[in-house]
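Architecture and fold: a report
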Amino acid sequence: MQKVKSLGLRKRLKQLKDKYDFNNLDLQILKKVQNYQIKSICCTTDGGFDKNTGEFYTDERTLNFKIKIVYQRTPNSTLETVLLKAEEADHEHLFRFPEDDIKLNKAV
């Protein structure tokens, strides 16, 4: 296995640990992913990453992953993605009441 050798990546991983309050599972994942070749680290404050596809979305959802790490276990293996720092959205902003001028018709 190829460990993280890039000084820039090591510095970035340290910055993540210093900036975010990770739970134990996230810390274990961060420690393990350092054994592989990290291809990219993406972070966001607004929106999040989809847990199934890893794609970024700008709108708040019920669960928002704030960090996405793409890595490769071996030079010939496929790219893999891990998502960290899951945050629940403020439910008040997820549901918007209809405008006052919208009229509802009764069912006949």
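Counting of residues starts from 1 at the beginning of each chain's written sequence and follows it residue by residue. Residues qualify for local features only when their pLDDT is at least 70, as the model is predicted, and side-chain atom pairs are given and counted only at 80 or more; totals for whole chains, interfaces and linings, by contrast, use all residues. Think of the side-chain values as coming from all heavy atoms in the structure, minus any hydrogens and water.

Details of the nonpolar core
- Of all hydrophobic cores here, the largest spans 14 residues; its most connected members are L13, L16, F22, I67, I69 and L84.
- Helix and strand assignments come from DSSP, with helices taken as H or I runs of at least 4 residues and strands as E runs of at least 2, each series counted from the N terminus. Broken down by secondary-structure element, the contributors of at least two residues to this core are helix 1 (7-19), helix 2 (24-33), strand 1 (37-43), strand 4 (63-72) and strand 5 (79-88). For our purposes a nonpolar core is just a set of buried Ala, Val, Leu, Ile, Met, Phe, Trp, Tyr and Cys residues, chained together by side-chain atoms within 4.5 Å. Any residue under 20% of the maximum accessible area for its type is buried, any over 50% is exposed, and the rest in between are partly exposed; the area is computed with a 1.4 Å probe on protein chains only.

Notes on the packing of aromatic side chains
- Between rings of Phe, Tyr and Trp, where Trp is taken as its six-membered ring, a pair exists when centres lie within 6.5 Å; planes separated by under 30 degrees are stacked, by over 60 edge-to-face, and by other angles tilted. The final tally for this structure, using the stated rule, is three aromatic pairs.
- Consider the rings of Y36 and Y71, whose centres lie 5.5 Å apart with planes at 20 degrees: the pair is stacked. Of this pair, Y36 sits in the loop between helix 2 and strand 1 while Y71 sits in strand 4, placing them 35 residues apart in sequence.
- By relative accessible area, which is 8% here, Y36 ends up buried.
- Y71 sits in the buried class, given a relative accessible area of 8%.
- The ring of Y57 carries R61 above its face, with NZ or CZ at 3.7 Å from the centroid. The rule is short: NZ of Lys or CZ of Arg within 6 Å of the ring centre and within 35 degrees of the ring normal puts a charge over the ring.

Topic: the environment of L27
- Inspection of the secondary structure assignment puts L27 in helix 2.
- In this structure L27 comes out as partly exposed when scored by relative accessible area, which is 36%.
- For the pair L27 and K85, spaced 58 residues apart in the sequence, the C-alpha separation amounts to 9.9 Å.

So, helix 2
- Along helix 2, the residues classified as buried are D26, L30 and V33. Down the axis of helix 2, the buried set is contained in an arc of 75 degrees. They therefore lie on one face. In helix 2, those exposed residues whose orientation departs by more than 90 degrees from the buried face are N24, L25, Q28, K31 and K32.
- Pairing of N or O atoms within 3.5 Å defines a polar contact, subject to two protein rules: one partner must be a possible hydrogen donor and the other a possible acceptor, and residues neighboring in sequence count only if both atoms are side-chain atoms. Looking at where helix 2 begins, the residue whose side-chain oxygen comes 3.2 Å from the main-chain nitrogen of L25 is N23. When we speak of the arc, we mean the arc of directions from the helix axis to the C-beta atoms.

Quick notes on the confidence of the model for the protein chain
- One confidence number per residue, pLDDT, is output by the predictor and ranges from 0 to 100. On average, residues of the protein chain score 81 in pLDDT, and 76% of them reach the 70 mark or higher.
- Within the protein chain, no element has a lower average pLDDT than helix 3 (residues 91-94), which sits at 52, and none a higher one than strand 2 (residues 48-49), at 94.

So, the environment of I67
- Mapped onto the elements, I67 comes out in strand 4.
- Look at I67 and you get buried, because its relative accessible area is 0%.
- For I67 and T45, which are 22 residues apart along the polypeptide, the C-alpha to C-alpha distance reads 9.2 Å.
- Contacts are assigned to residue pairs with any non-hydrogen atoms lying within 4.5 Å of each other. When neighbours within four sequence positions are excluded, I67 is seen to be in contact with L16, Y20, F22, C42, C43, F49, V82, L83, L84 and K85.

Quick word on unusual backbone geometry
- Unusually for a residue other than glycine, K85 sits at a positive phi of about 60 degrees.
- Note that K85 resides in strand 5.
- Take K85: its relative accessible area is 15%, and that puts it in the buried class.

Details of the pattern of salt bridges
- Definition used for salt bridges: Asp or Glu carboxyl oxygen within 4 Å of a side-chain nitrogen of Lys or Arg. If you walk through the whole model with that rule in mind, you get three salt bridges.
- Note that D18 is salt-bridged to K14, the shortest N-O span being 2.9 Å. Taken together, the residues span about one helical turn, with D18 and K14 both in helix 1 at a distance of four residues.
- Residue E80 is joined to R73 by a salt bridge in which the shortest nitrogen-to-oxygen separation is 2.6 Å.
- Taking relative accessible area as the criterion, E80 reaches 23% and is therefore assigned partly exposed.

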